[in-house]
Structure formats: structure tokens, C-alpha cells
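Residues per chain, in single letters:
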Amino acid sequence: MNLRSRLSLLVIQILIISLMVALLGRLFYLQVAAAPQYKDAALSIQSRDVVTPATRGLIVDASGIPLALNKVGVAITVDRTIIDKQEDKGEAVLRSLARLLKIKYVNILQRTRLCGELESGKRAGCWTGSRFQPIPITKDADPSLALQIVERSDQYPGISAAPVAIRSYPGNGDVNAAHMLGYIGPLTEGDLAGENGRTYFRSEYIGKAGLEIQYDEFLRGTPGIKTFTVDRKEVVTNTRKVTNPIPGNHLVTSIDTRLQAASEKALAAAVARSRANGYRADGAAAVVMDVVTGRILALASYPTFDPNAYERGLTTKQARDLYSESQGVPALNRALQGVFAPASTFKVVSLAAAASAGYNLNANYDCPGQFEVGTRIFRNFESKDQGTLSMKKAIAVSCDTIWYKIAFSEWIKDGGLKPKSNPNDFFFKAAEGFQVGQRTGIDLPSESSGRLANREWRISWYEQNKDFYCNYKERASKAQQTAFLIELARENCLDGDKIRAGDAVNFSIGQGDTVITPLKLTQMYAAIANGGTIWKPTVGKAIVTTEGRILQTISPEKVGTLPTNKATLKFLQSSLREVVVSGTGAGAFSGFPIAVSGKTGTAEVFGRNADGSLKSDTSWFAGYGPTNKPRFAVVMMVSQGGFGSSSSGVGVRQIFETLFGVQGSTIVPGAAIYPEGKPPTVLPKISPATKAKVAP
Amino acid sequence: MSLINQRQGFRRTRGKSAFWGLDPILTVAVGLLLFIGTLLVYAATRDWYASNGLDPEYYLKRHVINIMIGILLAWGTTVIDYRSLRAYTPVVWGLGVIGLTAVLIPGIGSEVNGARAWFPLPGGFQIQPAELSKIAIIVGMSMLLSEYRHESDAPSHRDVIQALLVAAIPVGLILLQPDMGTVFIISVAVVAMIGASGAPSRWVVGLILIALLGGFGATKLGVINDYQVKRLQSFVDPNSDVLGAGYQLRQARITVGSGGLFGTGLFEGPQTNGRFVPEQQTDFIFTVAGEQLGFVGSGFILLLYLTIVMRAFTIARRSTDAFGRMVCVGVLSWFAFQTFENIGMTLGLMPMTGVPLPFLSYGGSSMFANMIGFGLLQNIYAKQRG
């Protein structure tokens, strides 16, 4: 062996040893260092979880009448993983399915597209779940059609029909409550990825809106899981573990079915009344609250939708209409998501402000037809000169000019356009005391906070908009280039970060940039009625297990106290009574046999509708009763509904009629919703079979 | 020569009777691999065959038959006279070339997984001439590189060229099948042998350059790519979703990784039993070891291979003649690089090629060739003992 061959041998040996060491190192990495992740990967390859969904808990009203329950439906589902593999991507199958179900092919096509597959703006009715879930076309199919699919399965590859438990909103006593109840739907990829910190199984359905999402963790229960080991052909080789489903718990609400139905009816009637008077009335809301406990007794929004449509299967048009402006955005819960200028209902805040500013509430004040602030004229409602009025009467007849004057002089005292470093800001402080601009914190999702247009808000608004106003001629569209708007922009650019005289006087009558939700106003009036307690309202009352054990009691929280002293509050209460006796609410409540209090509001709305017409006023009525021993706050709002009294005032009266069992001007014995004058405190027995009592 | 002389004494002290003149370390290591391989082939096929209503021992029986034939071949190769080995070599080489040519003719050779590499035999057996050609090439080259017809202790250019021709003809035919894995292994063995022969080093450097250029060119021309893509696709169950070309390799890695430190236990692996890795009794047999025996078991298998190769180095160094040394280098490089190629592929270090794992994989031709290679090492070992 020469040196060269000996050297070569050594080189080969070293090379081979290195290669073997490399293999050993790689083996160590795979089997020791990275073993956990590979074990997980292997488990997901070998295991199949068959999920048996848990029976969802019921949602019942305060007397145990089901608002949401479960029933057996027949689901017809499309399996995208199968139809996508067909040559025409499943078109032929979906077309024949469309013929069978007598729905349009485009609807089925849209329903079976993942939302991510579609361009934004064309996603109405798309499938929010994943490709690997069977996509239900309907869950409430005619069993005979389902049978045809099962029998001719060769003609419908990728289509299945099977009985499923579906969510049903039975509408006992003609109740709708769609916004409050919400609906359920498939999991999104985000839900599956654990975005909200919970783990789900692919085939589960979860609450998507309203109480269904708010209390989903209780209602949902725990699905049962059977874990199988499968081989490459998906043949089950082993059952690894089995857990049985645990049914979801029931939710007892403080809602009363009859009161809810009556509120919905009164709301629809108010809208119809407004429309008959030539107003657009594009939306409305009503809230009834127990002022003593803070519990919500009814909560309605108009327009509404059929909560069962989701399980039946929305057509593309239905899905689009839910969010369409032309249909009035039925999906929007106006009671807590709609924000509107509160107008004269806000004068309760102004009264508190005036009291803390030292104005004598028992003195008389001038109520001229108009009030000049600089060059601008602020008019009374219908420019009516009411002469000299007591403060109480001024509230009753809703005089504006009194407030202009007070707000303007307070604004001047605070330094006007050059505000003092420590202004009194009686009006803003009073509004803050009423928690305007804060969410009520109700146990329903997506509540709007509204807006308190105080000095801080002004400054932040200016920061966001000064570029636009200071470069108005370049930034604004052609249509916006009118002399008035250009002048307005110039002013906004100049001192838009300051509270101007106009802002101050508008604020005092609930106009301008301050907006609130109907629920917020209910909370405020409930606080006036109950002697000053601001409640965080609740709809849920308790979580009860299927065995009837109380799992959790849900109680409203006291979140604040009104910033008024006892005397002011008393004055406020007597003024609100005066509104109904001799003021703007007198007409609506004439002959009402039980003393109630309240305040009208008619808010001017700027801007135009889509068709170019000017927007009509927002109609408000906020009331409570009985006046001497307040228990219920009732608020109604009709957007573009015209006058506060005739639209909403009459509507609130109708709700009070149902509450107190009043027909016309007489009290019908035993007809009141709460015979003892207050909502029940005992939790009801829960059964899906409970039916609504028929109103006497 | 002084090195060899020093070791004479050591060799004499070894017991003659215990292993019938065989190298004990080599014999034990190969024996263990054959035993483990038998268990793994059974573990890879038992449950799947049973659940599909087939004979669960189908592969086990055949594997045992293959091993028994292999042992006979190894025994024959061990005891055969050195000189007759040289005499038979041209015949074996010639038969190999004929076989490699014939296998390319449609109707005679059968195409499996995109390569024309097999002769179908009755009873479901198949013969792969490329495996046997490895032996012919190694022995043939060893002859040419060790019989110096001149006063030198190294082969001349002429010897090297002749030796390369002996390798080039079968390699060319295997390229046509195409079976890139085998080509790679033979090429490495050829370079190693020429290097170890003491031939001028420019031959080694030149051959490595040619191999690199050839490999690069083949990839560029799409020869390797097409073949590999086809192979990948043909593996994937046509009824399942086309999961992408990396499916097998990913499955193999997951299966090995999921074994962890101690494995799931023999016959217990759900990945193996679910047959998520294709060809798991042949090319992917190491995944079965990985899943069921864990790092401890599969690491032990690696050590057995290392032992065999290291032992072959020792035999090569102690060989009293150049021929024996050449054969040893050829066989050990073949074993080492085939092992690296196969396990490297399973672990995701090497590209996918269809070569079996020596002594472990199911497959007759490969088993026979490996056992003949093992016999050659034993023969040379025995020769040293005189």
C-alpha cells in the first residue's frame, strides 16, 4: 500500500464517519429535540375527532317562556372538499340541488363560497366557516327532499342530508327580539385559531350576536368527542377516547315576553304613524328598564329581521339586505348601537348644570322667540315667543331660548373663545355626571359609547380634521364648495379646537356633536326616576343548569350617582311630571289613568338622505312611571320620525298601557304585566314547552 | 509493510473455531441487522395486510426466504477460492450488462415507480440486475486496479481507464432506466476505489468534477427532476388529495420524529400501521425503526452500520494484497453511501431516490447483493488469516 492509497483510505474513513455522525445528529434532532412537534403532527395525521355538539342551553324570559330553544331540523350540506374535485368544480351537482330545493343556483353558489374567496363587497351570504366543514344550504329542509338526496346519493356527490339540532327562536307571544337574542353560526378561522382564548371544534356552532354571543360560554356546553385512529384510507382502526357531550346551561333573562312583544308592536306603530305623517322613519328603538334594579324588561329595534332565517339558510339577497342602507340596516341594534342627538330630552342635564351654576330654579325666566349669539340667530322651537316662564314650565313646554341664554353667559364666564385655564364647565360636568359619552355596560355586544362633545373631544376632533378644513378648497368635493360651507371650513380651521358660542348653546339643548344611544337615555332617566342611581343595565338574570341549579346570578351594578342634590332632583322630577300634565307630552298622555313623567325631544338632523332629501328630525320620548313611586323607565326613539310627542310619546304611552294594564283611560284589573307592580325576583322553572300567557 | 507485520501476532491469537473462520464483529453486526430488519419488515406490513384481508405474514415469509438465499450466497462467496472469484468476475459482469440491457426492453423488464429496473419472476419475485452489477463492477475494477503489469506499486493511467470502462458501461445502462440512486452509489464507490488504489490523485479530482458537472447538467436538463416528480406522484394514492411533492418526505420525517426517544414499541406505531408512509417495508423501512424503536433503537441501527463499515476498513488495511483491499474499499463505500443515501432521504437530508437500506429493507436483489458483498468481506478476512 503506497502512501497515497493509505491517505485516501483515511480520507474516505473520515468522510464516512462524518456522514454517519451527521445522520445521528439529524436523528437526534428529529426524535429528541423536535419530537414534541412531530408527535403533534403525527397525532393530527392519525386522529380524527368526531364531535357531537352539546345541546345548547335555552334562553328564557323572566317567567320561563323560551325565547331561544333547540329543535330537530334536516340539514342539507355541501362538502367543498368533494365538489371541488369534480371536473366542473361541482357546478352540475349544485345546479341540480338548486332545482331540487327550488332556490336559485347563484344563491347556493354564493353560500358555498368561503368569504375569503370573494372580493370584499361581494361577500354577502358567503360561508364564514372553513372549507373542511360541511356547508349547510339549509338546516330546516323538507324531509321528503332530504330523502331524495339520501336515496340518490350517486346523483348528488358531495351533498349530504342528515337530521341536526337547530336553534329555533319560537316567537312565543309574537315576540321577535332578534337584535337582543342574536343568532348562531359556524366558526370562523379566527375562532378556530383561538382568537378569543377559547378552543372550539370545527363542526361547532357558536353565538354570533346578541345574547347568543354574550353568554356563549354558558349556553354552548361542552361537545362530546370521540377520537379515532385512522389509516391512510381513513379507515378507523381504533377508538382512542370518548367523552360525552355536556349540555349547555340555560340563560334566564329579565325580559318579559308580552312586554317585549308590546314594545315591538308600539315601535312598529310609531314608525307607521310617522310615515303616515310624511316622515321617512328609517329606524326606531325602544327600551324598558326597571329603574329600581337596573334590569332590562324589553329592548326593541326597528327594522328587525327573522332570527330563524340564519338556520333556514339566508339567500344572498337576505344576507345583503341585513346590512343594506336602503333596507334601513336591519342588523343594527339601534337601541344600543344607534347614536342620535338627544335634543330636549337632554335638558335634564342642562337643568342640573344650571342648578350647580347657581341659577334659581324657582325663579322666572324669559323665553323669547329667538336669541342672538354674535351674528347667528338661535331660534326657539317653531320660533315661538313664550313670554316669561317658571323654570318648571320652561321644561314642560321645552323652551330653548332660556338655555341659550344660560349656556351663552356661562360660556362667556368661562372665557369664551379664550377659555380660562380652569373653566367651570357646568354643562360638560353635568353631562359627565350623567355619564354621557360612556357605554352603559349592558350585557350585550357592540354597544356604542355615544359622544360627549366637550373641550377634550373638540381638540381631538380638530387634530383629526384641521388638514381638511384648512385646505378645504383642495380637499373638498365640488358639491361641497358652497359659500356657506367654505365659510364654515374657514371658521373650523381658525378655531375649530375651541368650544365656540354656537357649540355651547347647542350643547344645552342636546344638539350639535353630542350623541347618545336610546339605551343611554333610558339609563339616565332611570337614574332620575330612582333618586340618582346610575345602573349598569343587564338583560341576563341568571345562568341555570339543566338540573335547575343556579350556576351564576347576574346582577346589575351601580356605576354612579347623578351629580344633582336632592332638591334639584326633586325639581327635575316635578318638571318631568309637568311635561306630561301641561307640556309637550300632555297630548300623548291625555287621559292616562296612572301618573307618569317624561320628556319629549325633537332633534334636528343635518345632512341628506341617499335620495337627496333633507333628513327629518329624530323623535324622542323618555319617560318613567308611576310618578309617585317610579318603577319603569320607558324610552322610544324614531329616527327621522318627526315630533317627539306624536311619534315616540304615543308609542311610550302604548308601552305603559301594556305595562300597567291600561285600556284607553281605564285600568283593566289583572291585566298589568306585573300584578304586584314590580318584576318577579324568583327564577322561573325552565322547560322548552312553556308557552306565553295570552294577554287578557 | 511494517504495519502488517506487527499485526501478525494479533491475528494468530484469535480463536479459529468460534466463527468458522468468520470475522466475529462483522458477522454479529450483519446478523443483528438481518434480525432487526425481519422484525421491521413484519411490523411494516402485518397490520395493513391483515386489515385488508391479506396474509399478514406475506412479506415476512418472503423476507426470510430472501435472507436464507442471501446467507447461502454469502457463504458461497466466503468460501470460494480467490482465483475462481477472479475467473467468475468477467462472467458475472457480462451477465450484469446483458441483464441491464434486457431490462430496458419493454416486455422483458417491468417498470415500477418510473424506472425500468426489474425482471419479473414467477411467484411475484423480481430481479433487479443493477444490484448484482454492483458486485461485478467492484470485483472487476479491483482486478484491474491491483494487477500491475509493471514495476510500480500503483495502477497506471491505462489501468485506471480500463477500470473506469468496467464501471462506465453498467452505469450508463442504469442511467437509462433511470435509477439515479444506484448511479450515485456506484459512482461514489468507483471514486473511492480509484482513490484507494493509489492511482494519481488527478484521477480522483477529475472524476469528482465530472460527477458534479454531470449532476448539475442532469438537473438542468430536467432528467432528474422529471423522474423524481413522476416518482413522487406515482406514490401518492391517486384517490387522495394530491398533497404536494413533498408528501412522502414530510410523512417520513413526522413518522421518525414522532417516535421520540424510546419509540412506540415494536408493532405499535400508528403512523406505520396506518401506512401513512409509502414503501415502508422497502425504501422507507427506517421510518418503522424510527417510530417504533425511537432514537435509542434507530441510533443503535446506525451504530451497527458504522461498525460494519469500520470493520471493513480494518479488513482493508490488513489485507495482504491490493485486490482484497480494493474489494473491501468498494464494498464498504457502497454500504456506507447507500446507507447514508437511504437514511438521509428518510430524515430529509438527501433528495428522494429509491434505494433500499442494506440488510434491513425488504427486497431480494438488494438482499442478495448485500449478502454477496458481506461474503466478499469475509472472504478477504479469511484470506488474511491464511
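Residues numbered from 1 in each chain as written. Chains lettered and ligands numbered in written order. Predicted model: local features only at pLDDT ≥ 70, side-chain atom pairs only at ≥ 80, totals over all residues.

1. Some details on the overall build of chain A
- From N to C terminus, chain A includes 25 helices and 25 strands.
- Each of the 696 residues in chain A was classed as buried or not, and the buried ones make up 45%.
- Excluding contacts between residues fewer than 6 apart, the proportion of contacts in chain A whose partners are at least 24 apart in sequence is 73%. (Helix = DSSP H or I, 4+ residues; strand = E, 2+ residues; numbered from the N terminus. Buried ≥ 20, exposed ≤ 12 C-beta atoms within 10 Å, placed from the backbone. Contact = placed C-beta atoms within 7 Å.)

2. Topic: the overall build of chain B
- When its secondary structure is counted, chain B shows 14 helices and three strands.
- Across chain B, contacts joining residues at least 24 apart in sequence account for 71% of those joining residues at least 6 apart.

3. Quick notes on the packing of helix α17 (residues 401-413) of chain A against helix α22 (residues 501-508) of chain A
Residue and element names in this part refer to chain A.
- Packing of α17 against α22 leaves a shortest axis separation of 8 Å and a crossing angle of 135°. Here α22 runs oblique to α17, going by the angle between their axes. At the point where α17 passes α22, the crossing takes the right-handed sense. When α17 is examined against α22, the residues Trp-403, Tyr-404, Ile-406, Ala-407, Phe-408 and Trp-411 are found in contact with a partner set consisting of Ala-501, Ala-504, Val-505, Phe-507 and Ser-508.
- Classifying every residue of the contact of α17 with α22 by side-chain character gives 10 nonpolar, one polar and no charged. (Axes fitted to C-alpha atoms, helices over the stretch in contact; angles between N-to-C directions. Parallel < 35°, antiparallel > 145°, perpendicular 65-115°, else oblique. Left-handed = near helix turned anticlockwise from the far one by under 90°. Nonpolar A, V, L, I, M, F, W, Y, C, P; charged D, E, K, R; others polar.)

4. With respect to the interface of chain A and chain B
- Counting residues at the interface gives 34 residues for chain A and 46 residues for chain B.
- Counting residues per element, the ones that place at least two in the side of chain A that touches chain B are α1 (3-33), α2 (35-46) and β8 (224-230) of chain A.
- When residues in the side of chain A that touches chain B are grouped by element, the largest group, 18 residues, is from α1 of chain A.
- Class assignment of the residues belonging to the side of chain A that touches chain B gives a composition of 21 nonpolar, eight polar and five charged.

5. Here we look at the environment of Glu-547 of chain A
- The topology assignment puts Glu-547 of chain A in the loop between β18 (540-544) and β19 (550-553).
- Distance in space between the C-alpha atoms of Glu-547 of chain A and His-250 of chain A is 9.9 Å, their sequence separation being 297 residues.

6. Re the sheet that holds strand β1 (residues 47-52) of chain A
All names here are of chain A.
- Taken together, three strands build an open sheet; the order of strands is β1-β8-β9 and the sheet is antiparallel. Of all strands in the sheet, those bounded by a partner on one side alone are β1 and β9 (236-243). Taking each pair of neighbouring strands and ignoring which way they run, the sheet shows an average axis angle of 25°.
- Sheet topology note: the β8/β9 ladder contains six bridges and is antiparallel. Paired with Thr-227 across the two strands is Lys-241, which belongs to β9. (Pairing = 2+ DSSP bridges.)

7. Re the sheet that holds strand β12 (residues 296-302) of chain A
Residues and elements named next belong to chain A.
- Pairing is antiparallel across the open sheet formed by five strands, whose spatial order is β12-β11-β23-β22-β21. Each edge of the open sheet carries a strand with a single partner, namely β12 and β21 (597-603). Each strand of the sheet is rotated relative to its neighbour by a mean of 5°, with strand direction disregarded.
- Where strand β11 (residues 283-290) lies against β12, six bridges are found, and the strand directions are antiparallel. Note on β12: the bridge partner recorded for Ala-286 is Ala-300.

8. As for helix α11 (residues 257-276) of chain A
Residue and element names in this part refer to chain A.
- End to end, α11 covers 28 Å across 20 residues, agreeing with the expected 28 Å (1.5 Å per residue, within 8%).
- Most of α11 sits out of view: 14 of its 20 residues are buried.
- Where α11 terminates, the next one or two residues include Gly-278, which has phi positive at roughly 90°. (Expected span 1.5 Å × (residues − 1).)

9. Examining helix α6 (residues 157-176) of chain B
All names here are of chain B.
- Taking 1.5 Å as the rise per residue, α6 with 20 residues should run 28 Å; its terminal C-alpha atoms sit 28 Å apart, in good agreement.
- Along its length, α6 reaches its greatest deviation from straightness, about 25°, at Ala-168, and the proline Pro-170 lies no more than four positions downstream.
- What α6 keeps buried is the set Asp-159, Val-160, Ala-163, Val-166, Ala-167, Pro-170, Leu-173 and Ile-174. (Bend = angle between axes of the 7 residues up to and from the residue.)

10. Some thoughts on the pairing of β19 of chain A
Residue and element names in this part refer to chain A.
- The pairing of β18 with β19 spans three bridges and is classified as antiparallel. The partner of Ala-542 across the bridge, within β19, is Thr-553.
- Hairpin connection, β18 to β19: the antiparallel pair is bridged by five residues, and Gly-548 has positive phi, about 95°.

11. As for the pairing of strand β20 (residues 557-561) of chain A
All names here are of chain A.
- Among the five residues in β20, zero count as buried, and that is only a small part of the element.
- Here strand β17 (residues 533-536) pairs with β20 via four bridges, running antiparallel. Note that in β20 the partner of Trp-535 across the bridge is Lys-558.

12. Notes on the packing of helix α5 (residues 129-146) of chain B against helix α13 (residues 322-346) of chain B
All names here are of chain B.
- Following both chains from N to C, one finds α5 and α13 inclined at 145°, their axes separated by 8 Å at the closest point. Crossing of α5 over α13 shows right-handed handedness. The residues of α13 that touch α5, namely those facing Lys-134, Ile-138, Val-139, Met-141, Ser-142, Met-143, Leu-145 and Ser-146, are Ala-322, Phe-323, Met-326, Val-327, Gly-330, Val-331 and Trp-334.
- Looking at the contact of α5 with α13 residue by residue, the class counts come to 11 nonpolar, three polar and one charged.

13. Here's the deal with the confidence of the model for chain B
Residue and element names in this part refer to chain B.
- Scored by pLDDT, chain B comes out at a mean of 82, with 84% of its residues at no less than 70.
- For chain B, the element scoring lowest by mean pLDDT is helix α1 (residues 2-13), at 42; helix α12 (residues 285-318) scores highest, at 95.
- Confidence estimates for the predicted assembly give a pTM of 0.68 and an ipTM of 0.89. (pLDDT = per-residue confidence, 0-100.)

14. Examining the environment of Arg-334 of chain A
All names here are of chain A.
- Looking at where Arg-334 falls in the secondary structure, it is placed in helix α14 (residues 334-337).
- Sequence spacing of Arg-334 and Ala-286 is 48 residues, and the spatial spacing of their C-alpha atoms is 8.7 Å.
- Excluding anything up to four places from it in sequence, Arg-334 contacts Gly-283, Ala-284, Ala-285, Ser-301 and Pro-518.

15. Looking at unusual backbone geometry
Residue and element names in this part refer to chain A.
- Between Tyr-302 and Pro-303 the backbone carries a cis peptide bond, its omega angle lying at -5°.
- Structurally, Pro-303 is set in the loop between β12 and α12 (309-312).
- Here the amide bond leading from Gly-625 into Pro-626 is cis, since omega sits at -10°, within 30 degrees of zero.
- On the secondary structure map, Pro-626 appears in the loop between β22 (618-625) and β23 (632-639).
- For Ala-281, which is not glycine, the phi dihedral falls at a positive 45°.
- By secondary structure assignment, the location of Ala-281 is in the loop between α11 and β11.
- By the C-beta count within 10 Å, which is 24 here, Ala-281 ends up buried.

16. Digging into the environment of Trp-334 of chain B
All names here are of chain B.
- Its place among the elements puts Trp-334 in helix α13.
- Under the C-beta neighbour-count criterion, Trp-334 is labelled buried, with 26 such atoms within 10 Å.
- Trp-334 sits 39 residues away from Gly-373 along the chain, and the two C-alpha atoms are 9.1 Å apart.

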